[in-house]
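The chain contents come next:
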Amino acid sequence: MSLSINSLSTSYANLQVLWDVSLHVDKGEVVSLIGANGAGKSTLLKSIMAIIRYRNGSIVFEGQSLKGLYPHQVVARGIAYVPEGRRLFPSMSVEENLRMGAPRKCEDLDSRLDSVFSLFPAVNARKKQSASTLSGGEQQMVAIGRALMTKPRMLLLDELSFGLSPKVFERVLDAIEETNHLGVSILLAEQNSERALEVSKRAYIMENGRISSEGKSQELINDSRVREAYLGIVD
Amino acid sequence: MDTSLVNFAQAIISGILLGGFFALASVGLSLIFGVQRILNVAHGAFIVLAAFVTIQFSLVATPSLHLNPLASLGLDFMLIGGLGVCVYFLLIRRIENSGFEAPLLATFGLSVFLEYIIQSGLGPIPSIDPSHGQGAQAEHQIYSSTSLIVGPLFVQEPELISFLIAIIIIPILHLFLSRTYYGKAIRATAQDWLAAEFSGIDIRKTRLLSFALGSALAGVAGGMFAFTNSVTPLLGDTYLLPIILVVIILGGVGSMIGTLIGGFVVGLLLSFSELFDSSYLFRFGFQPDVGYLITFLVFLIVLMVRPNGLFGKGVVK
Ligand SMILES: Nc1ncnc2c1ncn2[C@@H]1O[C@H](COP(=O)(O)OP(=O)(O)OP(=O)(O)O)[C@@H](O)[C@H]1O
Ligand SMILES: [Mg+2]
């Protein structure tokens, strides 16, 4: 097992947001995490990244607990994160943004950059440009590229589809599948995407900070309650 | 050459040299403010403390060890840089994520504390160069600044040195920030510290590095300050800090080259304002020295037109 979360509870100040959440991602798997606005998907990913401290429960990656680490140490353990809203460094060039994902001493820097550029040729064409001048889709690609520059074994993706046209979202999902074929495990948080369920093998559904159901993505897609609540399809 | 032309040329030379010193005094704060959004108002006190170190060093080391007083600049760099490290761990680190006000108040308290120590603990400060008047007796003369005279124009040696240090250090700092890993990591931390952190950057390191480096540069500036001024304990707040703030805001917070240019602008404003006959202002109760008045007037006008300064975008670019 790659990532395993057991009975996690997370709070912001006095407001408890996650309740007894358990979830796992096997090595090489694509898992999606589906839930409405405010369900707690981002909070879960931030807890894994140690951006938020959690009170109870455990998060274990490749057999080692992530408790008490700083975010950059979680990155060093092999987990990379693409946040909601991309969060690029706006006054830096695309190439500098990517450089920041790699460690200081990085012998294979050029080959890491090349693999990002071959995944996203559109990014290669804009590498000298300031990140703030990119389109939303290009920014998303750079954010994924920056995460891949850390050479992760697991990738956490928060709301990839946000602000993207269906066509660009497809392009981005292709890149994610390609990355997965290279052996990177994926946890994909999405609000209501049928596409997310289609690319993942298993999925968890989150409601009000709890996991309300889990199972094979194919079965969830066919579940009429899930179709209605999360995919916006009324049979 | 006729006198007004000579005065004009002299004002340009003095203004540029003085501007170099102001840029040197400001660049450390510009770095800290740009990276951490921390307005370290103790920066002026750091400079005065370094000036005091240089004076003491000169009193002790020059006569007995036959060291050039300028050797103290290295000491200033290390001591004030070390002070920056201590202040960072004891004070800044605990409050740096809690908004703008807490660090402002904390460094204000630090400034008062340091000034009290300088004033009451360290006693009256002699002057390195007795030509500055107060303080040292003739036997304390450890450094007398030579003036380089070119025709009708003259240049004070220490002013030239601090100018040269500024125009060497500031472009190096610019290259450090734009070319090296740590420099880029400092800029990334400035632009979005959380994104820096989940990109794998140890932001505790980058913040410590920028605070220590910014403080160490205040140390170098303070060392040079001792050679050109008679130092009094409160000079950091009454004279240096206001000018430094004008320089970094004019130049654009976080832009090193902007700070250099901001320094020149303020230096030239101050030296040219000495050319005006300001005696009539006397009648209205103004000090005859209108340099400050003109500098701050220009500052306010620039801010009305360009709120982010002449070159600035707000954070380290
Ligand atoms: N910094 C914060 N302080 C306090 N409460 C927060 C904070 N961030 C999120 N919350 C609350 O936590 C709950 C879960 O938020 P979260 O962002 O994890 O949801 P989400 O599933 O990612 O939603 P969305 O699909 O809209 O991104 C919400 O009720 C939100 O109001
Ligand atoms: Mg979210």
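Position numbers for residues start from 1 in each chain and track the written sequence from start to end. Whichever chain is written first is A, and whichever ligand is written first is 1; the rest continue in order. At least 70 in pLDDT is required for a residue's local features to be given in this predicted model, at least 80 for side-chain atom pairs to be given and counted, and no such filter applies to totals for whole chains, interfaces and linings, which use all residues. Side-chain numbers come from the whole structure's heavy atoms, not from hydrogens or water.

**Here's the deal with the site of ligand 1**
Residue and element names in this part refer to chain A.
- For each residue, the test is whether any non-hydrogen atom lies within 4 Å of the molecule or strand; if one does, the residue is near. Surveying the vicinity of ligand 1 reveals 14 residues, the closest of which are Asn37, Lys41, Ser42, Thr43 and Glu84.
- Here ligand 1 has 630 Å² of accessible area as a free molecule, and 63% of this is covered by the chains.
- Listing elements by their share of the shell around ligand 1, those giving two or more residues are β2 (15–25) and α1 (41–48).
- Ranked by the residues each element gives to the shell around ligand 1, the list is headed by α1, at 3 residues.
- Charged residues are taken to be Asp, Glu, Lys and Arg, nonpolar residues to be Ala, Val, Leu, Ile, Met, Phe, Trp, Tyr, Cys and Pro, and polar residues to be all remaining types, Gly included. Here the shell around ligand 1 is built from residues that sort into 5 nonpolar, 6 polar and 3 charged. Note on areas: these come from Shrake-Rupley sampling with a 1.4 Å probe, and a residue is covered only by the protein chains present in the view. Under the scheme used here, helices are H or I runs from DSSP no shorter than 4 residues and strands are E runs no shorter than 2 residues, and both carry numbers assigned from the N terminus.

**A few points about the domain arrangement of chain A**
Residues and elements named next belong to chain A.
- Each assigned domain of chain A is listed here: domain 1 (3–78 + 152–230) and domain 2 (92–145).
- Start and end positions for the domains come from either an automated domain assignment or a database one. Taking only C-alpha atoms into account, the centre of domain 1 sits 24 Å from that of domain 2.
- Contacts were defined at the residue level, with two residues in contact if any of their heavy atoms lie within 4.5 Å. Of the residues lining the interface, 10 residues belong to domain 1; the matching set on domain 2 comes to 8 residues.
- Taken together, the two surfaces of domain 1 and domain 2 that pack against each other cover about 730 Å², and 73% of this comes from carbon and sulfur.
- By salt bridge we mean one thing: a side-chain nitrogen of Lys or Arg within 4 Å of a carboxyl oxygen of Asp or Glu. Run the count over domain 1 and domain 2 and you get 0 salt bridges.
- Polar contact is the term for a pair of N or O atoms within 3.5 Å; when the atoms are in protein, one must be able to donate a hydrogen and the other to accept it, and sequence-neighboring residues count only if both atoms are side-chain atoms. Here domain 1 and domain 2 share 2 residue pairs in polar contact (both at pLDDT 80 or more) between them.
- By residue class, the composition of the side of domain 1 that touches domain 2 is 6 nonpolar, 1 polar and 3 charged. Buried area is understood as the total, over both parts, of accessible area removed when two parts are fitted together, assessed with a 1.4 Å probe.

**Regarding the packing of aromatic side chains**
All names here are of chain B.
- The rule is short: rings of Phe, Tyr and Trp, with Trp giving its six-membered ring, pair when the centres are within 6.5 Å, and they are stacked under 30 degrees, edge-to-face over 60, tilted in between. The tally for this structure, following the rule as stated, stands at 12 aromatic pairs over all chains.
- Between the aromatic rings of Phe8 and Phe272, the centroid separation amounts to 5.3 Å while the plane-to-plane angle is 65°, which identifies the pairing as edge-to-face. One end of the pair, Phe8, is in helix α1 (residues 3–36); the other, Phe272, is in helix α10 (residues 256–273), and 264 residues separate them in sequence.
- Classification of Phe8 by relative accessible area gives partly exposed; the value is 42%. Buried, partly exposed and exposed residues are distinguished by accessible area as a fraction of the type maximum, computed with a 1.4 Å probe on protein chains only: under 20%, between the cut-offs, and over 50%, respectively.

**Remarks on the coordination of the magnesium ion (ligand 2)**
Residues and elements named next belong to chain A.
- Bound to the magnesium ion (ligand 2) on the protein side are Ser42 (OG) and Glu84 (OE), at distances that span 1.9 to 2.5 Å. Of this pair, Ser42 sits in helix α1 while Glu84 sits in the loop between β6 (79–82) and α3 (94–101); the two residues are 42 residues apart in sequence, bridging distant segments of the chain.
- The exposure class of Glu84 is partly exposed, given its relative accessible area of 38%. Coordination partners: N, O, S within 2.8 Å of the metal, 3.2 Å for Na, K and Ca; water not considered, so apparent gaps in a site are possible.

**Side note on the packing of helix α5 (residues 157–179) of chain B against helix α8 (residues 203–228) of chain B**
Residues and elements named next belong to chain B.
- Between α5 and α8, the shortest axis-to-axis distance is 9 Å and the interhelical angle comes to 165°. Taken together, α5 and α8 sit at an angle that is classed as roughly antiparallel. Considering the relative orientation of α5 and α8, their crossing is left-handed. Contacts between α5 and α8 involve Pro158, Glu159, Ile161, Ser162, Ile165, Ile169, Leu173 and Phe176 on the former and, on the latter, Leu209, Leu213, Leu217, Val220, Met224, Phe227 and Thr228.
- Of the residues in the contact of α5 with α8, the class split is 12 nonpolar, 2 polar and 1 charged. Axis geometry follows a simple rule: fit a line to the C-alpha atoms, using only the stretch in contact for helices, then measure angles between N-to-C directions, giving values from 0 to 180 degrees. To sort the angles, those under 35 degrees are grouped as roughly parallel, those over 145 as roughly antiparallel, those from 65 to 115 as roughly perpendicular, and the leftovers as oblique. A clockwise turn of the near helix away from the far one marks a right-handed crossing, whereas an anticlockwise turn of less than a right angle marks a left-handed crossing.

**What to know about the interface of chain B and chain A**
- With 20 residues of chain B at the contact, the number on the chain A side is 22 residues.
- Between chain B and chain A, roughly 2,000 Å² of surface is buried when both sides are summed, and carbon and sulfur atoms account for 64% of that area.
- Across the pair Arg87 of chain A and Asp192 of chain B runs a salt bridge, and its minimum N-O distance is 2.7 Å.
- In this assembly, chain B and chain A are joined by 5 residue pairs in polar contact (both at pLDDT 80 or more).

**Thoughts on the nonpolar core**
- Grouping buried Ala, Val, Leu, Ile, Met, Phe, Trp, Tyr and Cys residues that are joined through side-chain atoms within 4.5 Å yields what is termed a nonpolar core. Residues Phe21, Phe46, Phe225 and Val266 of chain B are the most contacted members of the largest nonpolar core, which totals 69 residues.
- By residue number, the principal contributor to this core is α1 of chain B, which donates 12 residues.
- Excluding anything up to four places from it in sequence, Phe46 of chain B contacts Asn40, Ile80, Leu83, Val87, Leu110, Leu114, Ser215 and Ala218 of chain B.
- Core analysis: the second largest hydrophobic core is formed by 47 residues, Ala102, Leu119, Met149 and Leu160 of chain A among them.

**A few points about the environment of Gly183 of chain A**
Residue and element names in this part refer to chain A.
- Counting through the fold element by element, Gly183 comes out in the loop between α7 (166–181) and β8 (185–190).
- Taking relative accessible area as the criterion, Gly183 reaches 33% and is therefore assigned partly exposed.
- Residues in contact with Gly183, not counting those within four places in the same chain, are Gly28 and Arg153.

**Observations concerning the environment of Gly15 of chain B**
Residue and element names in this part refer to chain B.
- Note that Gly15 resides in helix α1.
- Residue Gly15 is classed as buried on the basis of its relative accessible area of 0%.
- When the C-alpha atoms of Gly15 and Val266 are compared, they prove to be 7.9 Å apart, with 251 residues separating the residues in sequence.
- Here Gly15 is in contact with Phe264, Gly267, Leu268 and Ser271, once residues within four sequence places are set aside.

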